[in-house]
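The lines below spell out each chain.
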Amino acid sequence: FIFGSDVGPLVDTSIEQRNSWFNESASRGQIITNQISNLNEVEIDNSIASLDKCNGSILNVIEFNAERGRRWLESAELLGDADVIILNEMDNGMARSDQQHTTRLLARYLE
């Protein structure tokens, strides 16, 4: 696990590097995946949420799959009542989401 303040910058991969991975055989997929920093990390960051958000006797937990980093903003309104949001397939430095940290953007949106 890594925590919000411990998150280092992502290592940018060039278009040339990505193209070379694309041309690799499928059997090398796990080897290539292992070369990408932060890909298999879980980030925990509670620095954005207010400390008094969870003060009731019921804890509302929502799990959300962003489906390859897409539709997270469109779905943000559905997540607003949660005390805890468990996310997967969010992006942090992916071309498909304009190199953005979509989890932090979502957290700021829900503030």
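See the structure shown above.
The shown structure was predicted, so the numbers you read here are calculated from the model rather than taken from an experiment.

**Some points on the overall build of the chain**
A count of helical and extended segments in the chain gives 4 helices and 4 strands. Listing the helices and strands of the chain from first to last along the sequence gives β-α-α-β-β-α-β-α. Relative to its 111 residues, the chain shows a buried fraction of 19%. Of the accessible surface of the chain, which amounts to about 8400 Å², a share of 52% is contributed by carbon and sulfur atoms.

**A look at unusual backbone geometry**
Of note in the backbone geometry, Glu89 takes a positive phi value of approximately 65 degrees without being a glycine. Using a relative accessible area of 37% as the deciding quantity, one classes Glu89 as partly exposed.

**As for the pattern of salt bridges**
Under the definition given, this model contains 2 salt bridges. The residue Glu24 makes a salt bridge to Arg28 at a minimum N-O spacing of 2.7 Å. Look at Glu24 and you get partly exposed, because its relative accessible area is 32%. Given the relative accessible area of 30%, Arg28 is considered partly exposed. Note that Glu111 is salt-bridged to Arg108, the shortest N-O span being 3.7 Å.

**Observations regarding the side chain of Asp91**
With respect to the helices and strands, the residue Asp91 is situated in the loop between strand S4 (84-88) and helix H4 (102-110). Excluding residues that lie within four positions of it along the chain, Asp91 makes contacts with Arg68, Gly69, Arg96, Ser97, Gln100, His101, Thr102 and Thr103.

**Remarks on a nonpolar patch on the surface**
Judged by side-chain polarity, Leu59, Val61, Val84 and Ile86 come together as a nonpolar surface patch covering roughly 330 Å² of accessible area. Checked against the element boundaries, Ile86 lands in strand S4. Looking at Ile86, the relative accessible area reads 45%, which means it is partly exposed.

Cut-offs applied
Residues numbered from 1 in each chain as written. Predicted model: local features only at pLDDT ≥ 70, side-chain atom pairs only at ≥ 80, totals over all residues. Heavy atoms only, no water. Helix = DSSP H or I, 4+ residues; strand = E, 2+ residues; numbered from the N terminus. Buried < 20%, exposed > 50% of the residue type's maximum accessible area, 1.4 Å probe, protein only. Areas by Shrake-Rupley, 256 points an atom, 1.4 Å probe, with all protein chains shown as cover. Salt bridge = Lys/Arg side-chain N within 4 Å of Asp/Glu carboxyl O. Contact = heavy atoms within 4.5 Å. Patch = residues over 30% accessible without salt bridge, like charges linked within 9 Å, V, L, I, M, F, W, Y side chains within 5 Å.

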